[in-house]
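# Descriptive analysis of the structure
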Amino acid sequence: MMQMAEFMQDYWVGLSATSQDIARLVALLLPAMLVGIAATRRYRPFGMIGAMIWRFRWTNALFVALIAVSVGLGVGLIAQERGLRQGSAHAAAKFDLIVSAPGSEIEMLLAAVFLQPTDAPLIEGETYDRIAHHDNVVLAAPLAYGDSYRAAPVIGTTAGFVEHLSGTLAQGRPFSAHGEAVIGARVDLKLGDSFVPAHGHGDGADHDAHAGHGYTVVGRMARSGSPWDRAILVPVEAVWEVHGLASGHAPGHEEDIGPPFDPAYFPGTPAVLVRATALWANYALHSEFTTERTMAFFPGAVLARLHSLLGDVRQAMSVMAMLTQLLVTAGVLTGLVIVTRLYARRLALMRALGAPARFVFAVVWGYAAILIGIGSAIGVTIGFAATRIISAIVTARTDIDVHASLDWPEFHLVAGFVSLTLLLALLPAFAALRRPVIADLRT
Amino acid sequence: MGLPLAISDLQVHGDDRRPILRIEALEIPSGCRLGIRGPSGAGKSTLLMALAGLAPASSGTIFWGDTDLSQMSEAERARFRRRHVGMIFQDFLLFEELTALANASLAAAYADADRRKQIREGAAAMLDHLGLGAHASRSVASFSGGERQRVAIARALAADPPVLLADEPTASLDRASADRLIDDLAALAAQKGTTLVVVSHDPAMYARMDRVVGIVDGRLVE
Ligand SMILES: Nc1ncnc2c1ncn2[C@@H]1O[C@H](COP(=O)(O)OP(=O)(O)OP(=O)(O)O)[C@@H](O)[C@H]1O
Ligand SMILES: [Mg+2]
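My aim in this report is to walk through the structure given alongside it, one point at a time. All figures in this text were calculated on a predicted structure; none of them were measured in a lab.

### Things to note about the overall build of chain B
- Summing up its helical and strand segments, chain B has seven helices and 10 strands in all.
- Taken against the 2.2 N^0.38 rule, which gives 17 Å for 222 residues, the C-alpha radius of gyration of chain B at 17 Å falls within 12% of a compact globule.
- Expressed along its principal axes, the backbone C-alpha trace of chain B runs to roughly 45 × 40 × 35 Å.
- Counting only residues that meet the buried cut, chain B has 55% of its 222 residues in that class.
- At a minimum sequence separation of 6, the contacts of chain B that also span at least 24 residues come to 71%.
- Both charge centroids of chain B, one from 25 positive and one from 28 negative side chains, sit 3 Å from each other.

Written as structure tokens, this is what we have:
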């Protein structure tokens, strides 16, 4: 016995994820399928079922709608949460490690990765220099926020970061001088366009502060599915310069752009994106730059914490969706009992004519099964459609690519729901069999 | 071919344990056409239900040929009806949502696989015979009372049963439809040798029967 269990365990673990998912789905549907086969075997109840569905078509349509909405709710919830989780993780994928001044990791994450405006304190030149010259660091890009052009945040950084973010550009080339800019894939400008950024963001932006410090677009990045698609990247030196700060380079080299920077003339940066030589080195850097004066964090890890929070919210909402489903199930089953009563005379007729009890059972149960099946199928469609619409809205609002997809968890949920309700539908089916034939014939 | 009927010492009680039916002896040969008359509430329908094995006998025996219904389980009685009994009711009891043919071949839905085809063909032939062949694929919702009752006859005879039980089959028909139905019923029964038991208030029906018995207060009177 023990050996058998062990063998099964080993066997299960050895299966591929897809096989496991399929096995789960089948296991969830199996009880209902077995009941269905046992009930309908050797009979042709579908004509009667069709007659029953047609006879109470409006009531049945209502049942199907109720089932569809409650299933759609559950499916939509799971699919939406996964879409948000995957979309935000994808948007943060290029941001291995961020070093900033101490503060809130979540706030820094929102500012540095998702480009939400903040007033972050700066880290100064010496610290930056230590990061930039660390043996294990491949890329240390300063990220200077604060300006904007129309809705697009203007971010000062290095050409190395542009390359890191976009790989090869979709159009043009990286910036190589103070007055040049590279735009995100969805910024409403063309190569060769010139613009003057405003100081600040949105309604509070000061449009005249940077008069005379215009940029010309020289390149466009490939689409990344993140808020960076709406961003404009310019040399960090240019941002410092328009704000009347040092240029980052020693006198006589003011026109240089990009690293190395001179710590003595480095005005400070709110965040540095760090790429390490290897994965393990990230952890070493993380602990090395977690100090009194600097904070290092993995955006992926912070996001994972947010996601688990999102998961908790989903769980809470799932409980509510489940309760809705239970209520709907109870309501629909009650409705089925009533409809079956309304049909009692026909069922009695069939039995009077000699139909076996199992046939009448198959008609009632099959009727319930078809309503539940259709309702669930429509529910999956509704849930998926709702997820697509919501995802499109979220994508439009946040520029985080949220993909609507259907995956195993939804199918498992629906399979569980279908199986459970089909087993519960045995009750009205058995109830129909217990009714007195002669009395029902007379009604 | 029909089946002979032999009832002895049959008693049927109601749910309230009141005796509804008490028949010492009734025998009819195979292929006999038996009419049953009697006042309302006398127990005519109850007798018919007992003959179909639907109203369980509290004592006595009902033999159709060698088969004693009183000794059978509910499932066995259903099986007996399926194989041997056709039934017609006063108010037709058709499936409004289905076509005439689907109604007439209802039994094919639960019959054994080897009989399905025979039932469907029997139903179609019967509709033809009753003059409804052209309307076989029409929904019965639009049928007249007489047409409906003829569909009910087709349903009862589709599987070519040896026994046909009819409970006031002409009660909701006008005179002309009733006469036509009586002709059809009597002719079909005679042609196939079906044992026919008809409960009716209609003297025209009695005239076409081989024998007519009365029931008063649950007891047989000739
Ligand atoms: N299950 C039952 N429990 C108690 N009484 C019953 C039951 N079934 C029938 N009865 C009673 O038995 C009597 C005979 O009923 P039945 O339906 O056989 O009459 P009938 O001769 O067919 O009358 P009608 O001509 O009006 O159709 C009636 O008084 C009826 O109320
Ligand atoms: Mg009666």
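### Thoughts on the overall build of chain A
- A count of helices and strands for chain A gives 15 helices and 11 strands.
- When its C-alpha atoms are laid out on the principal axes, chain A stretches across 110 × 55 × 35 Å.
- Burial analysis of chain A (443 residues in total) assigns 47% to the buried set.
- Looking at chain A as shown, the accessible area adds up to about 20,900 Å², and 63% of this sits on carbon and sulfur atoms.
- Looking at chain A, you have 31 positive and 35 negative side-chain charges, and the mean spots of the two groups are 32 Å apart.

### Comments concerning the sheet that holds strand β4 (residues 59-64) of chain B
Residues and elements named next belong to chain B.
- What the four strands build is an open sheet, ordered β2-β1-β4-β5; its pairing is antiparallel. Edge positions in the open sheet fall to β2 (19-28) and β5 (67-68), since each of these has one partner strand only.
- Bridging between strand β1 (residues 5-13) and β4 involves five bridges; their strand directions are antiparallel. Residue pairing in the sheet places Gln 11 in a bridge with Ser 59 of β4.

### Overview of unusual backbone geometry
- Omega for the bond connecting A:Pro259 with A:Pro260 falls within 30 degrees of zero, at 0°, which places this linkage in the cis form.
- The residue A:Pro260 is located in the loop between α8 (236-242) and β10 (271-276) in this model.
- Here the phi dihedral of B:Arg17 falls at roughly 70°; this positive angle occurs in a residue that is not glycine.
- The topology assignment puts B:Arg17 in the loop between β1 and β2.
- Classification of B:Arg17 by relative accessible area gives exposed; the value is 70%.
- Phi is positive for B:Leu93, which is not a glycine, with a value near 55°.

### Considerations on a negative patch on the surface
Residues and elements named next belong to chain A.
- Together, Glu 241, Glu 254, Glu 255 and Asp 256 give the surface a local cluster of negative charge.
- Within the fold, Glu 254 resides in the loop between α8 and β10.
- The class for Glu 254 is partly exposed, based on a relative accessible area of 38%.

### Some details on the packing of aromatic side chains
- Taken as a whole and assessed by the stated rule, the structure comprises 18 aromatic pairs over all chains.
- One aromatic cluster is present, built from ring pairs that chain together A:Tyr128, A:Trp240, A:Phe261 and A:Phe266.
- Against the face of B:Phe95 rests A:Arg346, its NZ or CZ located 5.1 Å from the ring centre.

### A closer look at the interface of chain B and chain A
- At the interface, 23 residues of chain B touch 23 residues of chain A.
- Summing the contributions of chain B and of chain A, the shared interface buries around 2,200 Å²; its carbon and sulfur component is 63%.
- For the chain B face of the interface with chain A, the top three residues by lost area are B:Phe95, B:Glu97 and B:Tyr110, together amounting to 29%.
- On the surface where chain B and chain A come into contact, there are four salt bridges.
- Connecting chain B to chain A are nine residue pairs in polar contact (both at pLDDT 80 or more).
- In terms of residue count, helix α2 (residues 74-84) of chain B provides more of the side of chain B that touches chain A than any other element does, four residues in total.
- Looking at the side of chain B that touches chain A residue by residue, the class counts come to 14 nonpolar, no polar and nine charged.

### With respect to the site of ligand 1
- Every one of the 16 residues lining ligand 1 counts as a neighbour, but B:Ser40, B:Gly41, B:Lys44, B:Ser45 and B:Thr46 are closest to it.
- Near ligand 1, residues from chains A and B are present, making the site a shared one.
- Measuring from an oxygen atom of ligand 1, one finds a backbone N or O atom of B:Gly41 at 2.8 Å.
- In this structure, B:Gly43 approaches ligand 1 through a main-chain N or O atom, which is 2.9 Å from an oxygen atom.

### Comments concerning the nonpolar core
- Of all hydrophobic cores here, the largest spans 129 residues; its most connected members are B:Leu51, B:Trp64 and B:Leu165.
- Counting residues per element, this core draws most heavily on helix α12 (residues 357-398) of chain A, which supplies 13 residues.
- For B:Leu51, the residues in contact, after removing those within four places along its chain, are B:Leu5, B:Ile7, B:Ile62, B:Trp64, B:Leu69, B:Leu165 and B:Val197.
- In terms of nonpolar packing, the next biggest core, distinct from the first, is built from 35 residues, A:Val99, A:Tyr149, A:Val187 and A:Phe289 among them.

How each quantity is defined
- Residues numbered from 1 in each chain as written.
- Chains lettered and ligands numbered in written order.
- Predicted model: local features only at pLDDT ≥ 70, side-chain atom pairs only at ≥ 80, totals over all residues.
- Heavy atoms only, no water.
- Helix = DSSP H or I, 4+ residues; strand = E, 2+ residues; numbered from the N terminus.
- Rg over C-alpha atoms; globule rule 2.2 N^0.38 Å.
- Buried < 20%, exposed > 50% of the residue type's maximum accessible area, 1.4 Å probe, protein only.
- Contact = heavy atoms within 4.5 Å.
- Lys, Arg positive; Asp, Glu negative; His and termini not counted.
- Charge placed at Lys NZ, Arg CZ, Asp CG, Glu CD.
- Areas by Shrake-Rupley, 256 points an atom, 1.4 Å probe, with all protein chains shown as cover.
- Pairing = 2+ DSSP bridges.
- Patch = residues over 30% accessible without salt bridge, like charges linked within 9 Å, V, L, I, M, F, W, Y side chains within 5 Å.
- Salt bridge = Lys/Arg side-chain N within 4 Å of Asp/Glu carboxyl O.
- Phe/Tyr/Trp six-rings, centres within 6.5 Å; stacked < 30°, edge-to-face > 60°.
- Lys NZ or Arg CZ within 6 Å of the ring centre and 35° of its normal.
- Buried area = accessible area lost by both parts, 1.4 Å probe.
- Polar contact = N/O pair within 3.5 Å; in protein donor to acceptor, adjacent residues only side chain to side chain.
- Nonpolar A, V, L, I, M, F, W, Y, C, P; charged D, E, K, R; others polar.
- Near = heavy atom within 4 Å.
- Core = buried A, V, L, I, M, F, W, Y, C linked by side-chain atoms within 4.5 Å.

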